Amino acid sequence: MIKQMDRKVFGEIVKYELKKLMANKITIITLIICIGLLSGISLTEYIFISPEDRFIATREAELEGKAIDEDMIEKVVEEADSAGGLTAIPGDNVYSHIASYMHRALGAYMRLGDNSGEYVLSEVTEEQFYRTRENILEHLYDYFHLSDAEKGYWDSMEAKIPKPFVWKTNYSLYSMRSNSSASITLAMLMIGICLSGMFAGELNCRTEDLILCSKNGKGMIASAKLIAGGLFTAAVGVILFIAVNAPHVTFNGLNGWDTACQLIVPFSSYPYTSGKMVLVCFGVYMLALLLTGSLVMLLSCVIKNMVGTAGVVCAAVFVDMFFSIPPQFRALAQARYLTPVQVLINSSMTDPRLVHVGGVFLTAFQSAAIVYVVLTCIFCMLTFLSYK
């Protein structure tokens, strides 16, 4: 009976903490601003184009399920020759999206400096297209200082990827992957601002001593605050993810869920479908936000200052966005790339550096997920012990 009563009291405390968070004007204003910014990022891609161009999935229906083989590439090259280049094909052309994809692969090779001049459009073939991608992967392996064992791992993964790739309109999934860095950046900033008063707010309101001397003042209150903060963090993550991706799904659905993830991340050797890649990124995104929330609450408990806590977190987010370490410093650069914004950065590639643990290779996504879970548990435990 006593335990049942304790659970009821605990549930009421969690509800109370959540109500405090949601009733805060700063929370409401910040949430509205973040939703507006993220929705605006997506909507601007559709507002200034004609209605028929917005529905990419409908326009490209005739290409669904067709392989990117010699015949497909020949047709794209013909359209590009007439238009003046792969990127010059008009947006209302059925081949414009796939031409843009091909340009990212071929153009990236030129930017690496491994070939002088521009590729000759009329000479682009199926063999050249896929060989170019392989050359870029080899260059990236050397750039990131991969060992022979790591190269062998990715070669084995690459062998599992069916080729030629099968084209399906995947614009919504591509946008979900590419918008991850923008949504996680704003979500982390919002969490840093809104949760900064989770513990420090009691000191500002001069209620901390009263709470700590009450029957449920230590362990139960700390646990309730941590759970409420975690629930709030998860809700913010889901809401902002929906806000940035809803326009794309509305106009173009979720086509391409079962296609190779190389259609949305060209220089990745993960043998994933596009749908699985998006789910993996979303899982890492949510774990990264829970890590951020636990860190904010720890700082709030230790620093006991709302402005100071929010300032530290916001500064850390901006450092994460702009600070980099040269790849020749392998260990430091690899650890740096596991931070939330970097591991989800909008790029045509994924970090190929692996972590070797007990005879098993862990990819960047796997390593990041494990690190985030462990650090979140540590931060929550430290917060619980510090709240006295």
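The preceding data block contains the structure.
Residues numbered from 1 in each chain as written. Predicted model: local features only at pLDDT ≥ 70, side-chain atom pairs only at ≥ 80, totals over all residues. Heavy atoms only, no water.

Caption draft 1: Looking closely at the side chain of H248. Within the secondary structure, H248 sits in helix α13 (residues 219-252). H248 gets classed as buried once you look at its relative accessible area, which sits at 0%. Those residues in contact with H248 that sit more than four places away from it in its chain are S42, E45, Y46, Y171, S172, S175, N179 and G253. (Helix = DSSP H or I, 4+ residues; strand = E, 2+ residues; numbered from the N terminus. Buried < 20%, exposed > 50% of the residue type's maximum accessible area, 1.4 Å probe, protein only. Contact = heavy atoms within 4.5 Å.)

Caption draft 2: Quick peek at the packing of aromatic side chains. Per the stated rule, a full pass over the model turns up 13 aromatic pairs. For the pair W154 and Y270, a centre-to-centre distance of 5.3 Å together with 70° between the ring planes defines the contact as edge-to-face. Of this pair, W154 sits in helix α8 (residues 148-158) while Y270 sits in the loop between α13 and α14 (274-303), placing them 116 residues apart in sequence. By relative accessible area, W154 is classed as buried at 3%. Ring pairing ties together the aromatic residues Y153, W154, Y270, Y272, F361 and F365, which thus form one cluster. (Phe/Tyr/Trp six-rings, centres within 6.5 Å; stacked < 30°, edge-to-face > 60°.)

Caption draft 3: Region of interest: the pattern of salt bridges. For the structure shown, the criterion picks out ten salt bridges. One salt bridge in this structure joins D142 and K151, with 2.9 Å as the shortest N-O distance. Judged by relative accessible area, which is 22%, K151 ranks as partly exposed. One salt-bridge network, in which partners are shared between bridges, spans E17, K20 and K225. (Salt bridge = Lys/Arg side-chain N within 4 Å of Asp/Glu carboxyl O.)

Caption draft 4: Inspection of helix α9 (residues 171-178) at higher detail. The buried fraction of α9 is high, at seven of eight residues. Every buried residue of α9 is listed here: Y171, S172, L173, S175, M176, R177 and S178.

Caption draft 5: Structural context of the nonpolar core. Counting 98 residues, the largest nonpolar core has I68, F129, M277 and Y285 as its most contacted members. Among the elements that line this core, the one with the most residues is α14, at 14 residues. Those residues in contact with I68 that lie beyond four places of it in its chain are I73, I98, Y101, E126, F129, Y130, P164, F165, W167 and L263. (Core = buried A, V, L, I, M, F, W, Y, C linked by side-chain atoms within 4.5 Å.)

Caption draft 6: Inspection of the environment of I136 at higher detail. Tracing the backbone shows I136 in helix α7 (residues 126-143). Between the alpha carbons of I136 and L106 there is a distance of 9.4 Å; along the sequence they are 30 residues apart.

Caption draft 7: Representation of a negative patch on the surface in the model. On the surface, E70, D71, E74, E78 and D81 cluster together into a negatively charged patch. Within the secondary structure layout, D71 lies in helix α5 (residues 70-83). (Patch = residues over 30% accessible without salt bridge, like charges linked within 9 Å, V, L, I, M, F, W, Y side chains within 5 Å. Areas by Shrake-Rupley, 256 points an atom, 1.4 Å probe, with all protein chains shown as cover. Lys, Arg positive; Asp, Glu negative; His and termini not counted. Charge placed at Lys NZ, Arg CZ, Asp CG, Glu CD.)

Caption draft 8: Seen up close, the environment of M277. The residue M277 is located in helix α14 in this model. When the C-alpha positions of M277 and Y174 are compared, they lie 9.9 Å apart, and in sequence the two are 103 residues distant. Beyond its immediate stretch of four places on either side in the chain, M277 contacts C261, I264, V265, S268, Y270, Y272, T350 and F365.

Caption draft 9: Looking closely at the packing of α14 against helix α15 (residues 306-322). The N-to-C vectors of α14 and α15 enclose an angle of 145°; their axes lie 9 Å apart at closest approach. The two elements α14 and α15 meet at a crossing, and its hand is right-handed. Residues T292, V296, L299, S300 and I303 of α14 lie in contact with α15, whose contacting residues are T309, V312 and V313. A breakdown of the residues in the contact of α14 with α15 according to their chemical character gives five nonpolar, three polar and no charged. (Axes fitted to C-alpha atoms, helices over the stretch in contact; angles between N-to-C directions. Left-handed = near helix turned anticlockwise from the far one by under 90°. Nonpolar A, V, L, I, M, F, W, Y, C, P; charged D, E, K, R; others polar.)

Caption draft 10: Highlighting empty space enclosed by the protein. This structure, assessed with the given rule, holds three cavities of 30 Å³ or more. Counted as a void, the largest cavity has a volume near 70 Å³. Lining of the largest cavity is provided by L137, L140, Y141, W154, F267, S268, S269, M349, T350 and P352. Per-element accounting of the lining of the largest cavity gives the leading share, three residues, to α7. Looking at the lining of the largest cavity residue by residue, the classes come out as seven nonpolar, three polar and no charged. Forming the boundary of the second largest cavity are M176, R177, S180, S183, F241, V278, C281, F282 and Y285. Secondary structure elements with two or more residues in the lining of the second largest cavity: α9, α10 (180-194) and α14. It is α14 that provides the largest number of residues to the lining of the second largest cavity, a total of four residues. Of the residues belonging to the lining of the second largest cavity, the class tally is six nonpolar, two polar and one charged. (1 Å grid on protein atoms, 1.4 Å probe; cavity = no way out; pocket = protein on both sides within 12 Å on 5 of 7 lines; lining within 4 Å. Points joined across faces, edges and corners; volume = space filled by probe spheres on them.)

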